[in-house]
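Understanding the architecture of this molecule
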Amino acid sequence: MISKIRLIIQNISFIFLTYGGKLGIHLGYSLPCFSCPYVGGCAGNCYLMALQGNYGFEIAAADVFSTWGERALLIFILFLVLFMLLSKLWCGWICPFGTLQDWFTSLRRKLGIAETEFSWKTRDRQKIIKYILLAALIIIPLCIANFGLHSDFKMPFCQICPAKPIMPLFCGETRHLSLDFTNSITLSFTILSMVITGGLFVGIFFKDRFFCMFCPMLALMHIFSKIGFIHFKKSVNTCQGCGNCKRMCPVDIRDVYLEKENKDVLTEDCMLCLKCIESCPGDSVLSVKFFNLNIFSSSRKYLADKCGRLHGK
Amino acid sequence: MENNIRHYKIQNRVRKQIEKECMDKIESLKSRGDYIDELDPFLNALFFSIHPDKLQEKTSRPVVGLFCIQAPFELFDAFKLQPFKLCGGSYEAQHLSTSKLPALACPIIKSTMGILNSDDHYRNVFKTIIIPTTCDWVVKFAELAEYNIPELHFMELPHIKENEKGEQRWLLELLELKRFLGKIMGIRLKRKDLLNSVNRYLAAWKYFNKLIELRRDNNISALLFTIIVNAFPFMEIENWTDTLKAVIKKYEMYKEKIKHRAIFLAGAPIVFPNLKMLDLIEEAGMNVTADDICSSERIFPGGACYDDTSEHGLMKALSDRYHKACICPTYADNTRRVNGIFNTLEENGINGVVYHVLKGCHPYDIESISVEKKIKDRGYRFIKIETDYVDEDRQNILTRLEAFNNTL
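1. Remarks on the interface of chain A and chain B
Each partner contributes to the interface: chain A provides 38 residues, whereas chain B provides 40 residues. Here chain A and chain B share an interface that buries about 3600 Å² over both sides, 49% of which is from carbon and sulfur atoms. Counting every contact that joins chain A to chain B gives 7 salt bridges. The partner of A:Glu117 in a salt bridge is B:Lys316, with the nearest N and O atoms 3.9 Å apart. Where chain A packs against chain B, one counts 15 residue pairs in polar contact (both at pLDDT 80 or more). Going through the elements one at a time, α11 (244-248), α12 (255-258), α13 (275-279) and α14 (300-310) of chain A are the ones with two or more residues in the side of chain A that touches chain B. Counting residues per element, the side of chain A that touches chain B draws most heavily on α14(A), which supplies 8 residues. Among the residues forming the side of chain A that touches chain B, the class breakdown is 14 nonpolar, 11 polar and 13 charged.

This is the structure:
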């Protein structure tokens, strides 16, 4: 039931955020998801663009208290409000780029191809990458604005983000799938972008939510996750450790399974897809709450009914 | 020659005694007021627990002997094999094995060996025997029962569940089991067959869950619940599920609830026809409305739900379901077992735990000490009953259980 609702919301969000602009809708520059601004007619912009651009860290120190600074602050506050309202549901339920990855996963499953596995150690090592990307997309614009770094380094993350060449394809735009020979910087960026995009296609086909493991938006969200209204709780004393949560997690989070003391299990890679809650056979062992209001809890009966429906399919 | 004749005579006599023991138990169950005819297929299947040859005839599938609950039933089903749970419950069968075993041997092992020795033909019935290394008794079973090792397939059980090594080792064991079954059957496992089998067992779990709900509501007695679950490894899964559906339907209409005091039963397996503990608990005025016994509720600790429908993904789901989800005391860190007990006690308002230990069943005995402390610390009543398959201690146990009931 929940997975079906999620699928519907994901698909509607994808269409809305990709084509909504054509109907004159624009939700601003603060969206906490990969609604790519390079898509002609998108219904809102990914906040990472603002963060690394003129409404973020590309403001010179002298302009911090000018209207540019005010705007940047306003956009950031709006990002925070949007994030606090839905927390990481943005990633698991709304992000169009996440939905695209889920389509590839569905295709792989239909073909009966096994998902690629990473060892626990590799998975731990990967976690740092998204913070490095986040740091880069803050430091480089600061250097452009204040230390004379070449302006072709502008929007460093967007220049290598695989969403930039891929998402505009849904509007028939292919121009970002090309090399820019203007100078060595633009050429390097576009070559890197093509390599990452090619690697991403392979990655998202063989691994669920491959890109999300490196997504700097998740890193940014995690910094503010404590102030979000959505909480993901585990009743540590009633978990029987069946491991379903770990196995069903698209990004291989094992903390929910292993946690025995801390009740808050919203980890840095979690995108609240709720698959772990759906597959938990313990009544109310896992639950997601809006403040103290229960949105969805694990239930043995729910899982049994879901499993029962698989027979004959 | 004379020795052979004597051997066959003893074998014949004990075989008849085993059959009588089973038939007597079946008759006593059938004569209960709450017995319904829909349960007949389960009792018929339980009769096969002492006749692997007849089970083979009935299902027309090669039979695989199986210890414990760690080898995935889904895998056998996918290979069109019929599992036969070797863990024996017959007291009479022990007459054929006592002389070959240490004095304080596990009654389950004694009984199993006795059943297998009750007919020389039985050894040839099994296509193979699968032994997950859960305890020393099953590890040494081959040696004690004088089986040739190549006839058997051991699955080395990692005793630590919550680390990557344990997880991977068990998955490798399952993949090796798949290869082994493919080899002895001369076929290659098809992904679709495995998927269908997993789905069949998931459907069975759904109805098993409904049965547990009935049990929690005191709609079905522990004895009848146990025969349904005990019959599980001797029936074809869709047949078991369909029969269970019919039973649930009937009991849902059955308005009269069991008035006995609800208790939780933990500990060693209870295997047909030795249902002594359940008989005595009932006689003492209590009803087991929940348990964590591997021959009962724990036969399905949860569904092997999956997302990845590739063969590897399904094997991973089975690996987790039969390893991580299992709370057998053989594992090193088993705090989650106590979590499960507390959870069930709280949810169902049960305040007494009867802990069943079979003399010689070491893992359950060892863990009883820590479980007892934790349960008593939380303010619940706890009693440990140590017994085996003999009938002589019935009165003694009954008196203790009645006294325990008075404290609840």
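2. Let's talk about the pairing of strand β6 (residues 286-291) of chain B
All names here are of chain B. When you tally the buried positions in β6, you get 6 out of 6 residues, the bulk of the element. Pairing of strand β5 (residues 261-267) with β6 involves 5 bridges; the strand directions are parallel. Paired with Phe 264 across the two strands is Ala 290, which belongs to β6. Taken together, β5, helix α13 (residues 276-283) and β6 constitute a β-α-β crossover, and its handedness is right-handed.

3. Some remarks on the packing of aromatic side chains
Per the counting criterion, the structure on display carries 32 aromatic pairs over all chains. Residues A:Phe153 and A:Phe189 carry aromatic rings whose centres are separated by 5.8 Å and whose planes lie at 80 degrees to one another, so their mutual orientation is edge-to-face. You can see A:Phe153 sitting in the loop between α6 (120-147) and α7 (156-160) and its partner A:Phe189 sitting in helix α9 (residues 184-206), a full 36 residues away along the chain. Accessibility expressed as a relative area gives 12% for A:Phe189, which makes it buried. The cationic tip of B:Arg378 hangs over the ring face of B:Phe342; the distance from NZ or CZ to the ring centre is 3.9 Å.

4. Overview of α6(A)
Residues and elements named next belong to chain A. Helix length check: α6, at 28 residues, gives a terminal C-alpha distance of 40 Å against a target of 40 Å (1.5 Å per residue), a fit within 8%. Restricting attention to buried positions, one finds in α6 the residues Trp 120, Arg 123, Gln 126, Lys 127, Lys 130, Leu 134, Leu 137, Pro 141 and Ile 144. In the stretch just after α6, Gly 148 is the one whose phi turns positive, near 75 degrees.

5. Quick word on the sheet that holds strand β8 (residues 381-387) of chain B
Residue and element names in this part refer to chain B. Taking strand neighbours across the sheet as the criterion, the 4 strands line up as β6-β5-β7-β8 in an open arrangement whose pairing is parallel. Each of the sheet's edge strands pairs with one partner strand only, and the pair in question is β6 and β8. Sheet twist, expressed as the mean angle between neighbouring strand axes with direction ignored, is 35 degrees. Strand direction decides the pairing type here: β5 and strand β7 (residues 352-358), joined by 4 bridges, are parallel. From the neighbouring strand, Gly 267 faces β7, where its bridge partner is His 356. Most of the contacts of helix α17 (residues 394-407) go to β8, to which it runs at about 175 degrees, and overall it touches β5, β6, β7 and β8.

6. Quick notes on unusual backbone geometry
The omega torsion of the bond from B:Phe272 to B:Pro273 falls at 5 degrees, within 30 degrees of zero and hence cis. If you check the backbone angles, A:Asp252 has positive phi at about 55 degrees while not being a glycine. With respect to the helices, strands and loops of the structure, A:Asp252 is situated in the loop between α11 and α12. By relative accessible area, which is 24% here, A:Asp252 ends up partly exposed.

What counts and how
- Residues numbered from 1 in each chain as written.
- Chains lettered and ligands numbered in written order.
- Predicted model: local features only at pLDDT ≥ 70, side-chain atom pairs only at ≥ 80, totals over all residues.
- Heavy atoms only, no water.
- Contact = heavy atoms within 4.5 Å.
- Buried area = accessible area lost by both parts, 1.4 Å probe.
- Salt bridge = Lys/Arg side-chain N within 4 Å of Asp/Glu carboxyl O.
- Polar contact = N/O pair within 3.5 Å; in protein donor to acceptor, adjacent residues only side chain to side chain.
- Helix = DSSP H or I, 4+ residues; strand = E, 2+ residues; numbered from the N terminus.
- Nonpolar A, V, L, I, M, F, W, Y, C, P; charged D, E, K, R; others polar.
- Buried < 20%, exposed > 50% of the residue type's maximum accessible area, 1.4 Å probe, protein only.
- Pairing = 2+ DSSP bridges.
- Right-handed = clockwise from strand over helix to strand, strands pointing away.
- Phe/Tyr/Trp six-rings, centres within 6.5 Å; stacked < 30°, edge-to-face > 60°.
- Lys NZ or Arg CZ within 6 Å of the ring centre and 35° of its normal.
- Expected span 1.5 Å × (residues − 1).
- Axes fitted to C-alpha atoms, helices over the stretch in contact; angles between N-to-C directions.

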